[in-house]
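If you want the building blocks of each chain, they are given just below.
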Amino acid sequence: MATSADGRVTTRGAGPTSGPALRGAAAVLAVLGAPWITGAASPHHADGGAAVSFLTAPLAATLGVTGLLAAALVAGIALLRGPAAPTRRVAIAAEAGAGYAVAVLALGWLGGGVGALTAVPRTAAVVAVAVLLSRSSRLVTVGAGALLAALAAVETGLAVGPVAAVSVLAAVLGLGVVATVAGAADRRAELRRRTPTAVLAAAVAVVSALVGAALSGSRLDAATLRSVNGLVLATGLVLVAVAAVGWVLARSAGGRRVLPAAVGAGAAAVVVLTTLVALPAIALPERGAPLLRTVALGDLAVPVAVVPQRPGPNLVYVGAVGATVDGVATRTRSGSPGSWAVVDLPAGADELVVGVGSDRAALRLQPGTDPAPAALVAGLTGPDGPECLSAVLGAVVGGSAGAGGVLPDACPDAALTDADATVLRATVRFLAQRQAPVLHVIDDGSPRSTAAAAVAAAAAAEHGLPLTDAIDTGGAVLVVAGWETAGVRLTDEALGLSTVHGTYTAPWLATGPVLGRQTGAVTALTFDPRAEQAQRYVAALRGRGVTALASPAGIAAWGATAESGPRIFTAVQVSVMPGDHRHATDTWLPGGTFTAVTPPLPV
């Protein structure tokens, strides 16, 4: 390649040639393109589905975006070519862009398999346009640049969306202007000539970035500004402003020294704003719906639930001990996993800050304006709030809650269901048939517990089983309290006294924190926690990181149905040796399981 006195590319000399970057790029592209053209993988490379990639997700995304920017650079230079041949600096910029595009393709092929070769058409077009830039007429070059820009925009639009396609077109114009101004023999004259195009490119880039940010969940709030998306957008807008000011100053007399800074800021602005197409959308919760997320706190992935995520008091569950929620210290609760706090959310709250030790994480909120049902709020903030939250989350993971912010009117402790009443009557009848001399019922005064105690008393009278006001070690105990009271009483009283005829619990107490602590208590259930529907429910909880909240109330809200009449189940500890697949199921009880010890009881 030869250059004229004014720095423009000519083809005089030993015949038509390309720059070294283009010759190397063409050779590599020929090797990589063969399997794409023939539809076969290279014999020296494993298929992409089987190969182990050395490209991490961030590196792969970076290569993808920068490869797209390289295509935009070459397309912009070709699209904006003037009547004269391009200068040597402009031609080198195009060659470098083409060489980088091929390098990205090669790295993708080596690291990810033949799936990366879907970029061969665009890369081939980049190399072809870079060659045409110095070897063809302006009309052919501009047409090739337009086709390459359209190819890059369509490819991006199909993969990401129409807003991203518009961003690519803005990058084509912006990078083309930057390259032609920076490589011009008379930069100030070229700057004046390209100012309208630069203004158009900046306007399109800013508008598309703002629209894309809004569609991806960004909002004008502090939480967005602290997110990666918000920081990238803010940086891009600042660079656009700097480039605009520098552009104006560079056009004025004596502004020659400002020109490099203006061009550099403009190039940086295009690059930064274009990277928004590769960033994942901000995960915004559904407005006014129960919120379940996993946040990163140091090396831990901690589940956090906010119920009901409405203005007013909200119960917050954190799957770690010693956490704080908006500065409020959480506390552990007997019979419940993790830690808990009641936090008041204003109608305009946009985030909740969760901390463990020195680590902090911001949880996005959309509480809306409508308060939750008063009975639900009372239950969530009362002693049986954790069970209520587990029921709401059961509906969330089952897909029957969350759409439109649908919430139950009240918590499970508000009333005794007919199904639970039937189970309690069958349990008392079973104890009477086993000739227990007396029965002591433990309740906690909640509406459901009071109703359950009344049902148990009526059943005991019907079957001739006397009740006692205190625990009798020769009799039996029936616990119908909620999680918190049951967790305390089972440990402090029933377990310590070890009654001859055993300790039985209401079905809503069949949870890991209540019964999975080797209390020796048993319970009657109409479903088998080891059966298919219970395993699917626990698997859904595990997928959201809240297996510890598995509960009868949760599985009922999830959509489970009764499988049989009530059977007595006992919690047993199970030690699974490595390689033992006999218990390869999700566990309702951590380190244990429920086992049926009776056939269905008569009701």
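**Observations concerning helix H17 (residues 532–543)**
For H17, which comprises 12 residues, the first-to-last C-alpha distance of 16 Å matches the rise-based estimate of 16 Å (1.5 Å per residue) to within 8%. Among all positions of H17, only Gln-533, Ala-534, Gln-535, Tyr-537, Val-538 and Leu-541 are buried. Lining the buried residues of H17 we find helix H12 (385–397) and helix H18 (552–558). Downstream of H17 by a residue or two, Gly-545 has a phi angle that is positive, lying close to 80°.

**A word on a nonpolar patch on the surface**
On the surface, Val-207, Val-211 and Leu-215 cluster together into a nonpolar patch covering about 290 Å² of accessible area. Here Val-207 is to be found in helix H7 (residues 187–215).

**Structural notes on helix H14 (residues 447–462)**
Here H14 contains 16 residues, and its C-alpha end-to-end distance of 23 Å stays within 8% of the 22 Å for a straight helix at 1.5 Å per residue. Inspection of H14 places Arg-448, Ser-449, Ala-452, Ala-453, Val-455, Ala-456, Ala-459 and Ala-460 among the buried residues, and these make up the whole buried set. Buried residues of H14, seen end-on, are gathered within an arc of 165° and therefore sit on one face of the element. Those residues of H14 that are exposed and angled more than 90 degrees off the buried face are Ala-461 and Glu-462. Of the surrounding secondary structure, the elements contacted by the buried residues of H14 are H12, helix H13 (418–433), strand E11 (439–442) and strand E12 (476–479). Phi turns positive, to about 70°, at Gly-464, one or two residues after H14.

**Comments concerning the packing of aromatic side chains**
Following the criterion strictly, the structure yields 5 aromatic pairs and no others. When the ring of Phe-527 is compared with that of Trp-588, the centres are 5.6 Å apart and the planes differ by 40°; the resulting orientation is tilted. On the criterion of sequence distance, the pair formed by Phe-527 in the loop between strand E14 (522–525) and H17 and Trp-588 in the loop between strand E15 (567–573) and strand E16 (592–596) is long-range, its members being 61 residues apart. In this structure Phe-527 comes out as buried when scored by relative accessible area, which is 8%. Its relative accessible area of 5% is what places Trp-588 among the buried residues.

**Some remarks on the nonpolar core**
Here is a general trend for soluble globular proteins: nonpolar side chains tend to be buried in one another's company. One finds Leu-389, Leu-424, Val-480 and Trp-588 to be the most contacted residues of the largest nonpolar core, which totals 75 residues. Tallying contributions element by element places H13 first for this core, with 7 residues. The residues touching Val-480, leaving out its near neighbours within four places in the chain, are Leu-424, Val-441, Ile-442, Asp-443, Ser-449, Ala-452, Ala-453, Ala-506 and Trp-508.

**Section: the sheet that holds strand E10 (residues 359–364)**
Spatially, the 4 strands line up as an open sheet ordered E7-E6-E9-E10, and their pairing is antiparallel. The open sheet has two edge strands, strand E7 (328–329) and E10, and neither has a second partner. By the bridge criterion, 2 bridges tie strand E6 (residues 323–325) to E7 in an arrangement that is antiparallel. Counterpart to Thr-324 in the pairing with E7 is Ala-329.

**Examining the sheet that holds strand E4 (residues 300–307)**
An order of E3-E4-E5-E8 is seen for the 4 strands of this open sheet, with the pairing classed as antiparallel. Across the chains shown, the open sheet's two edge strands, defined by having one partner strand only, are strand E3 (291–297) and strand E8 (339–345). Taking the axes of each pair of neighbouring strands and ignoring which way they run, one obtains an average angle of 25° across the sheet. Here E4 runs beside strand E5 (residues 312–318); their pairing, made up of 4 bridges, is antiparallel. When the sheet's bridge partners are listed, Ala-305 is paired in E5 with Tyr-317. Packed on one face of the sheet, H12 meets E3, E4, E5 and E8 and runs near 100° to E4.

**A few points about the environment of Leu-601**
As for its placement among the helices and strands, Leu-601 is situated in the segment after E16. Exposure remark for Leu-601: the relative accessible area of 10% places this residue in the buried category. Between the alpha carbons of Leu-601 and Ile-568 there is a distance of 8.1 Å; along the sequence they are 33 residues apart. What Leu-601 contacts, discounting residues up to four positions off in sequence, is Ala-426, Phe-430, Pro-566 and Ile-568.

**A short note on the state of the cysteines**
Going through the model one piece at a time under the given rule, you end up with 1 disulfide. A sulfur-sulfur distance of 2.0 Å marks the disulfide that ties Cys-388 to Cys-411. Here the disulfide of Cys-388 and Cys-411 is left-handed, its torsion about the S-S bond being about -70°. Linking Cys-388 in helix H12 with Cys-411 in the loop between H12 and H13, this pair joins segments that are 23 residues apart in sequence. Overall, Cys-411 belongs to the buried group, its relative accessible area being 6%.

**What to know about the packing of helix H4 (residues 120–135) against helix H5 (residues 138–159)**
Running from N to C, H4 and H5 cross one another at 160°; their axes reach a closest spacing of 10 Å. As summarised for this structure, H4 and H5 are arranged roughly antiparallel, according to the angle between their axes. Between H4 and H5 lies a crossing whose hand is left-handed. Contacts between H4 and H5 involve Pro-121, Arg-122, Ala-125, Val-126, Val-129, Leu-132 and Leu-133 from the first element and Val-140, Thr-141, Ala-144, Gly-145, Leu-148, Leu-151, Ala-152 and Glu-155 from the second. Taken together, the residues of the contact of H4 with H5 sort by class into 11 nonpolar, 2 polar and 2 charged.

Definitions and limits used
- Residues numbered from 1 in each chain as written.
- Predicted model: local features only at pLDDT ≥ 70, side-chain atom pairs only at ≥ 80, totals over all residues.
- Heavy atoms only, no water.
- Helix = DSSP H or I, 4+ residues; strand = E, 2+ residues; numbered from the N terminus.
- Expected span 1.5 Å × (residues − 1).
- Buried < 20%, exposed > 50% of the residue type's maximum accessible area, 1.4 Å probe, protein only.
- Contact = heavy atoms within 4.5 Å.
- Patch = residues over 30% accessible without salt bridge, like charges linked within 9 Å, V, L, I, M, F, W, Y side chains within 5 Å.
- Areas by Shrake-Rupley, 256 points an atom, 1.4 Å probe, with all protein chains shown as cover.
- Salt bridge = Lys/Arg side-chain N within 4 Å of Asp/Glu carboxyl O.
- Arc of directions from axis to C-beta.
- Phe/Tyr/Trp six-rings, centres within 6.5 Å; stacked < 30°, edge-to-face > 60°.
- Core = buried A, V, L, I, M, F, W, Y, C linked by side-chain atoms within 4.5 Å.
- Pairing = 2+ DSSP bridges.
- Axes fitted to C-alpha atoms, helices over the stretch in contact; angles between N-to-C directions.
- Disulfide = S-S within 2.5 Å.
- Parallel < 35°, antiparallel > 145°, perpendicular 65-115°, else oblique.
- Left-handed = near helix turned anticlockwise from the far one by under 90°.
- Nonpolar A, V, L, I, M, F, W, Y, C, P; charged D, E, K, R; others polar.

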